[in-house]
Amino acid sequence: MKIQLLIEDILTRVNVNGPIEAIDIHHIFVRRSWAKRFFIYLSVIVVLSKSLFLLLSKDQSIPVLLWSFILSGFFIKLLLWKPVEKETVIIMPALGVQLETHYLSQMHLDSLGSKFLLYGFSLGPESDSVVFLPHANMINLALAFEANVVETAEDFELFPFVNHGRIIRQFFPLDKILRPVLLECVTPITCYWSLSLVVRDEGELMLVFQELRPPVKMLVPIWKALCATIDDKKGLDTDDGS
Amino acid sequence: MANEKHRILMVSDFFYPNFGGVENHIYYLSQCLLKLGHKVVVMTHAYGNRSGVRYMTGGLKVYYVPWRPFVMQNTLPTFYGTLPIIRTILIREKISLVHGHQAFSTLCHEALMHARTMGYKVIFTDHSLYGFADVGSIHMNKVLQFTLADVSQAICVSHTSKENTVLRSGLPPEKVFVIPNAVDTAMFKPAPVRPGNNEIIIVVISRLVYRKGADLLVEVIPEVCRCYPNVSNLDHDFLCTLQSHLETHFKVRFIVGGDGPKRVRLEEMREKHSLQDRVEMLGAVPHAHVQSVLISGHIFLNSSLTEAFCIAILEAASCGLLTVSTRVGGVPEACIMRCPLYLVNFVLPDDMIVLAEPDPVDMVLAIRKAISILPKIDPQVMHDRMKKLYHWQDVAKRTEIVYDRALKCSNQNLLERLSRYLSCGAWAGKLFCLVMIIDYLLWRLLELWKPAEDIEEVPDIILPHHQDGEKLQDFNEDESLR
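Rules used in this analysis
Residues numbered from 1 in each chain as written. Chains lettered and ligands numbered in written order. Predicted model: local features only at pLDDT ≥ 70, side-chain atom pairs only at ≥ 80, totals over all residues. Heavy atoms only, no water. Pairing = 2+ DSSP bridges. Helix = DSSP H or I, 4+ residues; strand = E, 2+ residues; numbered from the N terminus. Axes fitted to C-alpha atoms, helices over the stretch in contact; angles between N-to-C directions. Contact = heavy atoms within 4.5 Å. Core = buried A, V, L, I, M, F, W, Y, C linked by side-chain atoms within 4.5 Å. Buried < 20%, exposed > 50% of the residue type's maximum accessible area, 1.4 Å probe, protein only. Disulfide = S-S within 2.5 Å. Buried area = accessible area lost by both parts, 1.4 Å probe. Salt bridge = Lys/Arg side-chain N within 4 Å of Asp/Glu carboxyl O. Polar contact = N/O pair within 3.5 Å; in protein donor to acceptor, adjacent residues only side chain to side chain.

1. Some words on the sheet that holds strand E13 (residues 279-283) of chain B
All names here are of chain B. The sheet built from six strands is open, its strands ordered E13-E12-E11-E14-E15-E18 with parallel pairing. Among the strands making up the open sheet, the edge pair consists of E13 and strand E18 (353-356). Neighbour-to-neighbour, the strand axes of the sheet open up by a mean angle of 20°, direction not taken into account. Running over the sheet, helix H6 (residues 214-227) touches strand E11 (199-205), strand E12 (251-257), E13, strand E14 (299-302) and strand E15 (322-326) and is turned about 155° from E12. Of the strands in this sheet, E11, E12, E14, E15 and E18 are in contact with helix H13 (residues 360-373), which crosses E18 at around 165°.

2. A closer look at the nonpolar core
Within soluble globular proteins, side chains that are nonpolar tend to cluster in buried spots. Residue and element names in this part refer to chain B. One finds Ile 221 and Leu 294 to be the most contacted residues of the largest nonpolar core, which totals 92 residues. Apart from residues no more than four positions distant in its own chain, Ile 221 is found in contact with Phe 254, Val 256, Leu 266, Met 269, Leu 275 and Val 279. Of all hydrophobic cores here, the second largest spans 72 residues; its members include Val 53, Ala 103, Ala 111 and Val 122.

3. Focus on the environment of Gly 235 of chain A
Along the polypeptide, Gly 235 of chain A turns up in helix H5 (residues 216-241). Sequence spacing of Gly 235 of chain A and Pro 221 of chain A is 14 residues, and the spatial spacing of their C-alpha atoms is 21 Å.

4. Let's talk about the state of the cysteines
All names here are of chain B. This structure, assessed with the given rule, holds zero disulfides over all chains. A disulfide-free cysteine, Cys 225 has its sulfur positioned 9.3 Å from the sulfur of Cys 227, the nearest such atom. Relative accessible area serves as the criterion here: at 3%, Cys 225 is assigned to the buried category. Between Cys 409, a free cysteine, and Cys 156, which holds the nearest cysteine sulfur, the sulfur-to-sulfur gap is 16 Å.

5. Examining the interface of chain A and chain B
Accessible area lost when the parts come together is the quantity often used to give the size of an interface. With 15 residues of chain A at the interface, the matching set in chain B holds 23 residues. Of the roughly 1700 Å² buried between chain A and chain B, counting both surfaces, carbon and sulfur atoms make up 60%. If you look at where chain A meets chain B, you find two salt bridges. The salt bridge partner of Arg 92 of chain B is Glu 184 of chain A, with a shortest N-O separation of 2.5 Å. Run the count over chain A and chain B and you get seven residue pairs in polar contact (both at pLDDT 80 or more). If you list the elements that add at least two residues to the side of chain A that touches chain B, you get strand E6 (177-186), strand E7 (191-199) and H5 of chain A. The element that contributes the greatest number of residues to the side of chain A that touches chain B is H5 of chain A, accounting for four residues.

6. So, the pattern of salt bridges
Charged atoms that come close allow side chains of opposite charge to pair. One pass over the structure, following the stated rule, counts 24 salt bridges over all chains. Across the salt bridge formed by Glu 307 of chain B and Lys 212 of chain B, the nearest N and O atoms sit 2.7 Å from each other. In this pair, Glu 307 of chain B sits in the loop between E14 and helix H11 (311-318) while Lys 212 of chain B sits in the loop between E11 and H6, placing the two residues 95 residues apart along the sequence. The two residues Glu 307 of chain B and Lys 212 of chain B agree in class, both being buried. For Asp 215 of chain B, the salt bridge identified is with Lys 262 of chain B, shortest N-O distance 3.3 Å. Residue Asp 215 of chain B is located in helix H6, and its partner Lys 262 of chain B is located in the loop between E12 and helix H9 (263-272); the two are separated by 47 residues in the primary sequence. For Asp 215 of chain B, a relative accessible area of 19% translates into the label buried. A cluster of three or more residues bridged by salt bridges with shared partners is formed by Glu 184 of chain A together with Arg 7, Lys 39, Lys 61, Arg 92, Glu 93 and Asp 460 of chain B.

Take a look at the structure:
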């Protein structure tokens, strides 16, 4: 599973009449491995064919075939279940950090689905202003309109950030975040790096990336951006206090 | 002396938070190697909630791999289950050689096997003596033969241990180095004021198990108490002039620290002979409190039936105690003092240790002899002598030489290495070869599944010398991460 990082540092409006503030958005995409999918489906076909062949040629009982179906389904679900399309970290200075996990739906991206989404958002009252609401893909849409990338609904199907699956979001106000930390994690078979937030009043660290395990080269810029934001916030608080 | 700095992975099932000879050896050796400029990483299994990566004093990095202990603190032997994690650690830490400790550690054996498969140089240190006759020993010796068949170098803690290891494993003696253990004399210092002279206190600190001679204690303690029944407040100088009459004027008391299955026998002995006021049972003594227990006594009693080296004797001597010990295994070597010209080994004079056969009568005689020479003992002088004789920096420097020798060994491919395994036995040799071939194939499969280039190397944490705090320098300075 290949992971790629896309960092956006985009200027946008917090609200129509307010000052312009930079928002730091970090996307970690999963590049789909067609070879892996092909291999898995091929293996399943081989297993099912073998079971069917045994059933027809040697007069085996049907439960064997049924078990093959069940195990194959389980195998597919285990390896392809809840595929993650991307995970996003949105750093909003003076506000907080929003963590998002975007899951890929089983449907392929098609124009009908994209138009449906476009109409759904455009009818909303916050369609071109708010940046910190749970519907973070509205940010992308708003940004696209701001930047004149998308002018009509038909253009939207070319827009790369649309997704159809479930999205899980978590927002942490900056006041609650004590520090982002990079940790080494050890499992029985491997080691990996993880980026976590030390959150006030929480007994456990909050993982920034719940599903993916990006390499440390991708985590370091995000970690630095989080540290810079929190340090700026603390600096501002100190100045206000003094 | 070597200038090349190594990156060493120490592997054993026995490490902190456990305390013991092997654990202390790994810890102190690692600390001294770090001070010499080498990079040391320790790998062990998880202890309860202690799982993951931890850092100890001096930046010693420890991987507590979440493989639960199976029996007697040993990881479940899976042959190939630990291959992925060991490979990952070796690559990400840029390890140059692997150093395994203790023949009884399954994690050590598996790590050495996988490391050799991947082409790393490996070193093995044996800390214990094992028998040849019982089923457990036969099995353990076969496993050891397999592991040591392809090891680069081996280290034993005494000449007796070297002889034992060579006989058990069939390893060529020229591949085995003898590097004795040492003691942290800064931690084990004598008491500022010696305990009072109205009674003689004999300290015993060990696991109360069969191989530590707990059954001997059951017979020795009542006999010694019988020989020294009376209490007398005598002046120290007067004691020196009445050495021949000490038996009638001294009371002897025992302090027994430690726990184990034989504790019940000692408790029964105490009850049977009504020695409750003369034998104090402390139970398990935390390692941090061992020194305080030792300095409360005059004599240290070691009744082990087998010992490769016996660090406990060094700890007791460092605290200024006169030692009485069984003459077994490497114990006599623990008392060898090298003359300045390294020409001749002299056994320490009798004013430092009294040896006895592992027999109750002989041990009682040894204790009586020790009591008679007790007034001549100066704890501070003894401590100063120990400081010069045994220190971990010396052990580290000698181990460094072994590392250099190991790295100079030639690289061999799989076929050349298989010939070594074939010589392990008619059937065992073929089995060992099969195990190594499967290990090699699994390693190749792992290389395809997750190439070494995909495993990120870990930046080193550099500790500043002025102790202003740690700084993860490499993350900020590594241009490749920008």
